[in-house]
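Structural overview
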Amino acid sequence: MAIVWIKSGVGNSLAPSCILWVDSFFFERVLETSYHGLIKENETFVEITPLIKVDETKICGFHIIKKNKEIPFQIELVNELGILKAKKSLNCEKRKNYKFDITAVFCDGSHSKSASVHISVIDINEYSPTFLQPSYVTESSKENKAAADQNISQQLEEINAKLAKLDSLEKLNKDLLTKLLKLSQRVDAVTVENRKLKQEVVDLKQAQLQKEVLIKGFKLEQPKQHLEAFNKVCELVGFEASKDVEEVRPLVFKQNKRTDAVLVKFWRVQDKQRFIGCVRALKRPVTPAELNIRSQNKFVLVQDHLTPEKLELHRQTWELCKLGLQRPWIYNGSTWTTHPETNKRFRVADSGDLEDLQFILVTAQQTGRKDPALSTEVIVSGN
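So, a few notes on the structure that sits alongside this text. On a predicted model such as this, the values are computed, not experimentally measured, just so you know. (Residues numbered from 1 in each chain as written. Predicted model: local features only at pLDDT ≥ 70, side-chain atom pairs only at ≥ 80, totals over all residues. Heavy atoms only, no water.)

Moving on: the sheet that holds strand β8 (residues 97-106). Within a sheet, adjacent strands bond to each other through the backbone by hydrogen bonds, running parallel or antiparallel. Here 5 strands make up an open sheet; going across it, the order is β4-β3-β9-β8-β5 and the pairing mixed. Only two strands of the sheet have a single partner each, and these edge strands are β4 (47-49) and β5 (59-65). Each adjacent strand pair in this sheet contributes to an overall mean axis angle of 30 degrees, direction not counted. Where β8 meets strand β9 (residues 115-122), 6 bridges bridge the pair, whose relative direction is antiparallel. Within β9, the position partnered with Asp101 by the bridge is Ser116. (Pairing = 2+ DSSP bridges. Helix = DSSP H or I, 4+ residues; strand = E, 2+ residues; numbered from the N terminus. Axes fitted to C-alpha atoms, helices over the stretch in contact; angles between N-to-C directions.)

If you want it as structure tokens, here you go:
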């Protein structure tokens, strides 16, 4: 059995490879949302509006999506234009309108987002009237003329009433659109403000744990083993904790059979940072054997005490390493990483930042951009 691992371009961490399904949100829009066409009876050419313009260096054809009914049309690519033609002569009396969807076919075989096409068949008078004589003469009385004038006046009044109604409806539609736009702007503003407030709440919860550190990677089997483990770590990294530590207590995880934790609470944040600095200065991981502790894990982990929200955010950021993101780290209770576009330090504050990073990484993979920050190395190991 072979296991495929993906190695990040920075660091020596290994993460399992994965298959990512990319939503159609990432597809390139090459067609308009909708098109309208006119075709005369007994003709095959369709006058389409707007013109179906594409780039032939990217697009090699079109595809008509057939659903339930047969579509009597075909589309061809001619001089960067999509030309719609009818397969046969159409009859307005049988069917006046056609509606179907089309997609542009990229040269690699993939399809673009679909666009709807509405086609109307124009009626052609095939049975023109015939007369037996070249001309006819008749007389109209004053009564008939007055009746005709009155009938025309009534028709004009009806038309004017309909036009006035249409004008009022158009004005009402504009007012509704204006109100809808303002409401949408207010909703966007509230959404942004709500996101900021949620970030502040999570940061405040994390601030309460800023003086605490977790030491994990082993099971506590004896009553005072947590104190011995902490003292061994301090002795190993060269940290004097006699006056700086407020509390050392065990955290037993009953559902986790492989590891417990030792919670160390310092008097000041500066003392905690100094302890973590001593651990990092060791420049190698601490093993359970060095602490005289039996454990199934290879290393002992020393990290900030994160809230469940911060811990889940950090885990999801690690998942993005499979797409080429550089290895994240924790600083002052927050997850940080190197931004794939700017190569600068970037704080991952919430799920919105995760979605932005994922979009950038997936887009870079699709376009085949060569970026040193996004380079990956595939290592295959077998057992």
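Picking up after the structure, the text goes on.
Another aspect to go through is helix α3 (residues 269-281). Taking 1.5 Å per residue, 13 residues should reach 18 Å; α3 reaches 18 Å between its end C-alpha atoms and fits that length. Just past α3, the residue Lys283 takes up positive phi, approximately 60 degrees. (Expected span 1.5 Å × (residues − 1).)

Further remarks concern the state of the cysteines. Taken as a whole, this structure holds 1 disulfide when the rule is applied. Residue Cys60 pairs covalently with Cys107 via a disulfide, S to S 2.0 Å. An S-S torsion of about 90 degrees defines the bridge between Cys60 and Cys107 as right-handed. Within this pair, whereas Cys60 is found in strand β5, its partner Cys107 is found in the loop between β8 and β9, the two being separated by 47 residues in sequence. For Cys234, which is in no disulfide, the shortest distance to another cysteine sulfur is to Cys278 and amounts to 8.7 Å. (Disulfide = S-S within 2.5 Å.)

Grouped together as the largest cluster of nonpolar side chains are 26 residues, with contacts concentrated most on Leu31, Phe73, Leu84, Phe100, Ile102 and Ile119. Contributing elements (two or more residues each) for this core: β3 (34-40), β5, β6 (73-78), β7 (81-86), β8 and β9. No other element matches the 5 residues that β8 contributes to this core. Residues within four places of Ile119 in sequence aside, it is in contact with Gly37, Ile39, Val46, Phe73, Leu84, Lys96, Asn97, Tyr98 and Phe100. One finds Ala229, Phe230, Val233 and Val248 within the second-largest nonpolar core, a separate group that totals 24 residues. (Core = buried A, V, L, I, M, F, W, Y, C linked by side-chain atoms within 4.5 Å. Buried < 20%, exposed > 50% of the residue type's maximum accessible area, 1.4 Å probe, protein only. Contact = heavy atoms within 4.5 Å.)

Let's shift gears to unusual backbone geometry. Here the amide bond leading from Thr49 into Pro50 is cis, since omega sits at -10 degrees, within 30 degrees of zero. Turning to its location among the elements, Pro50 is positioned in the loop between β4 and β5. For Asn292, which is not a glycine, the phi torsion comes out positive at approximately 60 degrees. In this fold, Asn292 is placed in the loop between α3 and β13 (301-304).

Note on placement: Asp271 falls in helix α3. For Asp271, a relative accessible area of 3% translates into the label buried. The contact partners of Asp271, leaving out residues within four places of it in the chain, are Phe239, Asp244 and Phe266.

Moving on, we get to helix α5 (residues 351-367). In this model α5 runs 24 Å from its N-terminal to its C-terminal C-alpha over 17 residues, within 8% of the 24 Å that 1.5 Å per residue would give. Every buried residue of α5 is accounted for by Gly352, Asp353, Leu354, Leu357, Ile360, Leu361, Val362 and Ala364. For α5, the N-terminal cap is Asp350; the gap from its side-chain oxygen to the backbone nitrogen of Gly352 is 3.2 Å. (Polar contact = N/O pair within 3.5 Å; in protein donor to acceptor, adjacent residues only side chain to side chain.)

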